Amino acid sequence: MPDVSLSLPVKSASTLERQLAAQRMRRPADPLLSLVVPVFNEEESIEIFLTSVEPFLERAGLRFEIVFVNDGSRDDTLARLLDCSALDPRIRVVNLSRNFGKEAALTAGIDHAKGDILIPIDIDLQDPPDLFGPFIDRWREGYDIVYGVRSARTWDTATKRVSAGWFYWAFNTMSPVRIPPNVGDFRLVDRRAIEVLRQLPERNRFMKGLFAWVGFNAIGVPYERPQRAAGASKFNLWRLWNFALDGVVSFSTVPLRASFYGGLAIAAVAGLYALFIIGRVLIFGIDTPGYASLLIAVLSLGAIQLVSIGIIGEYLGRLFLEVKGRPIYVVENVYENGEDGGPKA
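Now for a look at the structure at hand. For every chain, the first residue of the written sequence is number 1, and numbering continues from 1 onward in sequence order. Thresholds applied to this predicted model are a pLDDT of at least 70 for local features of residues and 80 or more for the giving and counting of side-chain atom pairs; totals over whole chains, interfaces and linings are not thresholded and use all residues. Based on all heavy atoms of the structure, the side-chain values leave hydrogens and waters out of the count.

We now examine the overall build of the protein. Under the DSSP-based scheme used, a helix requires at least four consecutive residues in state H or I and a strand at least two consecutive residues in state E, with every element numbered from the N terminus. Secondary structure summary: the protein contains 11 helices and 10 strands in total. Within the protein, the fraction of its 345 residues that count as buried is 43%. We call two residues contacting when some pair of their heavy atoms lies within 4.5 Å. At a minimum sequence separation of 6, the contacts of the protein that also span at least 24 residues come to 83%. With an accessible surface of roughly 18200 Å², the protein has 63% of that area assigned to carbon and sulfur atoms. A 1.4 Å probe rolled over the protein chains alone gives each residue an accessible area, and that area as a share of the maximum for its type sets the label: buried under 20%, exposed over 50%, partly exposed in between. In short, Shrake-Rupley with a 1.4 Å probe defines the accessible areas, and a residue's cover is counted only from the protein chains shown.

Further remarks concern helix H4 (residues 102-112). Counting buried positions over the 11 residues of H4 gives nine, a clear majority of the element. Glu-103, Ala-104, Ala-105, Leu-106, Thr-107, Ala-108, Gly-109, Ile-110 and His-112 are the residues of H4 that are buried.

Before going further, it helps to spend a moment on the pairing of strand S5 (residues 117-120). Burial along S5 is two-sided: the residues Ile-117 and Ile-119 and Leu-118 and Pro-120 are all buried. Paired strands are those between which DSSP finds at least two bridges. Sheet topology places strand S2 (residues 32-39) next to S5; four bridges connect them, and they run parallel. Residue pairing in the sheet places Val-36 in a bridge with Pro-120 of S5. For S5 and strand S7 (residues 183-190), the ladder comprises two bridges, and the chain directions are antiparallel. For Ile-117, the partnering residue across the bridge sits in S7 and is Asp-190.

What makes a nonpolar core is a set of buried Ala, Val, Leu, Ile, Met, Phe, Trp, Tyr and Cys residues whose side-chain atoms join them at distances within 4.5 Å. With 37 residues, the main nonpolar core has Phe-49, Ile-66 and Phe-68 as its most contacted residues. Here this core takes five residues from helix H2 (residues 46-59), the largest share from any one element. If sequence neighbours within four positions are ignored, Ile-66 has contacts with Leu-35, Val-37, Phe-49, Leu-50, Glu-54, Arg-90, Ile-91 and Arg-92. In terms of nonpolar packing, the next biggest core, distinct from the first, is built from 19 residues, Ile-110, Tyr-147, Leu-197 and Phe-211 among them.

The next subject is unusual backbone geometry. The backbone phi angle of Asn-41 is positive, close to 55 degrees, even though this residue is not glycine. Tracing the sequence through the fold places Asn-41 in the loop between S2 and H2. Backbone geometry at Phe-216 places phi at a positive 70 degrees, although glycine is not the residue there. The residue Phe-216 is located in the loop between helix H8 (207-213) and strand S8 (218-224) in this model. Phe-216 sits in the partly exposed class, given a relative accessible area of 29%.

This part covers the environment of Asp-122. Turning to its location among the elements, Asp-122 is positioned in the loop between S5 and helix H5 (132-140). When the C-alpha positions of Asp-122 and Val-39 are compared, they lie 7.9 Å apart, and in sequence the two are 83 residues distant. As used in this structure description, the phrase polar contact means that two N or O atoms lie within 3.5 Å; if the pair is within protein, one of them must be able to donate a hydrogen and the other to accept it, and residues adjacent in sequence are counted only when both atoms belong to side chains. Engagement of the side chain of Asp-122 in a polar contact is seen with the side chain of Lys-102, the distance being 3.0 Å.

Take Tyr-335: it is sitting in strand S9 (residues 331-336). A residue is classified by how much of its surface remains accessible, and Tyr-335, at 13% relative accessible area, is buried. Distance from Tyr-335 to Phe-68, taken between C-alpha atoms, is 9.8 Å for residues 267 residues apart in sequence. Engagement of the side chain of Tyr-335 in a polar contact is seen with the side chain of Glu-332, the distance being 3.0 Å.

This part is about helix H3 (residues 77-87). Taken as a whole, H3 has its buried residues at Thr-77, Leu-81, Leu-82, Cys-84 and Ser-85. Burial along H3 is one-sided: seen end-on, the buried residues are contained in an arc of 160 degrees. Seen from the buried face of H3, the exposed residues on the opposite side, beyond 90 degrees, are Asp-83 and Leu-87. Check the buried side of H3 and you find it contacts S2, H2, strand S3 (63-70), strand S4 (91-96) and S9. Each C-beta atom gives one direction from the helix axis, and the arc is the one those directions make.

Another point: a nonpolar patch on the surface. Exposure above 30% relative accessible area and the lack of any salt bridge qualify a residue for a patch; like charges then connect within 9 Å, and the nonpolar side chains Val, Leu, Ile, Met, Phe, Trp and Tyr within 5 Å. Here a salt bridge means any side-chain nitrogen of Lys or Arg lying within 4 Å of a carboxyl oxygen belonging to Asp or Glu. Residues Ile-312, Leu-316, Leu-319 and Val-323 make up a contiguous nonpolar surface patch of roughly 410 Å² in combined accessible area. Relative to the elements of secondary structure, Leu-316 occurs in helix H11 (residues 291-324).

Here we take up the packing of aromatic side chains. Here a pair means two rings of Phe, Tyr or Trp (six-membered ring of Trp) with centres within 6.5 Å. Their orientation is stacked below 30 degrees between planes, edge-to-face above 60, and tilted elsewhere. For the structure shown, the criterion picks out five aromatic pairs. Between the aromatic rings of Phe-56 and Phe-132, the centroid separation amounts to 5.9 Å while the plane-to-plane angle is 70 degrees, which identifies the pairing as edge-to-face. With Phe-56 in helix H2 and Phe-132 in helix H5, the pair connects residues that are 76 residues apart, well separated along the chain. A residue is classified by how much of its surface remains accessible, and Phe-132, at 0% relative accessible area, is buried. Measuring from ring centre to ring centre gives 5.9 Å for Phe-186 and Tyr-223, while their planes differ by 85 degrees; the resulting arrangement is edge-to-face. With a gap of 37 residues between them, Phe-186 in strand S7 and Tyr-223 in strand S8 connect regions that are remote in the sequence. Grouping residues by exposure puts Phe-186 and Tyr-223 together as buried. Taken together through their ring pairs, the aromatic side chains of Phe-56, Phe-132, Phe-135, Phe-186 and Tyr-223 make up a single cluster. Cation over ring: Arg-98 sits above Phe-100, and NZ or CZ is 3.9 Å from the ring centre. A ring has a charge above it when a Lys NZ or an Arg CZ is no more than 6 Å from the ring centre and no more than 35 degrees off the ring normal.

In structure tokens form, the structure reads like this:
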């Protein structure tokens, strides 16, 4: 299976190999794998997920834990997770006090994972467990981050595929932090990269960007994304749009600069047009301006001003949330063996 490299400045072969060799020496022979699984109203998917993932891990002889993060589910998700945890001590449940969103839930899972390596995975099994083996093989080669690349998205709608392509293009065009196209949160992350992620305090989190921001040596493994095993996606078009907006605003100031330079360009055009009008009046006499041209100019400038204010508002609103310093999430309890497993975090 071919590898897909991250779209970053390429290191020389000798430099990369030396770094990989140094990391290979530090890799434990029997690592603990932490699966981090954010869930929201997924009661019907839990058993399907566990019956698919646990046998695979056991056959591979891997030490593992599964950290479920219940993101304020309103159905019987928590009850079913506690039943599973009571039967299997390798399952821990981090129960958030309310719904904080997937990015916050994923952050909570990362904070509570104990493993040497960590794999965030969706419960719908669109991230296939059979990639765990290739992920760990690349990790043993010395890579710190191994991410899955969706080489085929047959079960996604045409609108979602096209909009995703536009987003990756726009993000990588505007942001100094580049994320590889068609890559989600499904990846293997080494403990040293996890510790860096845990130091990032921002409240408006875009995990794909944060995974790329930490750097380290990364490599991709392509896979075909299967159909969802059960349930339905909790993301609609509006939530996806806001998610994309959060990503761009969190990692780029290009919209602000574009607004500034757009204003300069319009001011220059307006100044030139004013000189043209003055010159025409001086040469040809009194000029009677047209109503249509005046109305178009007023409406255009008003629209540009409103868009510019909106762009500033997006950044200012996120700054307002950051300044308040509220925690990213609140944990109601951590459950092990189906019971209270320790202090809240």
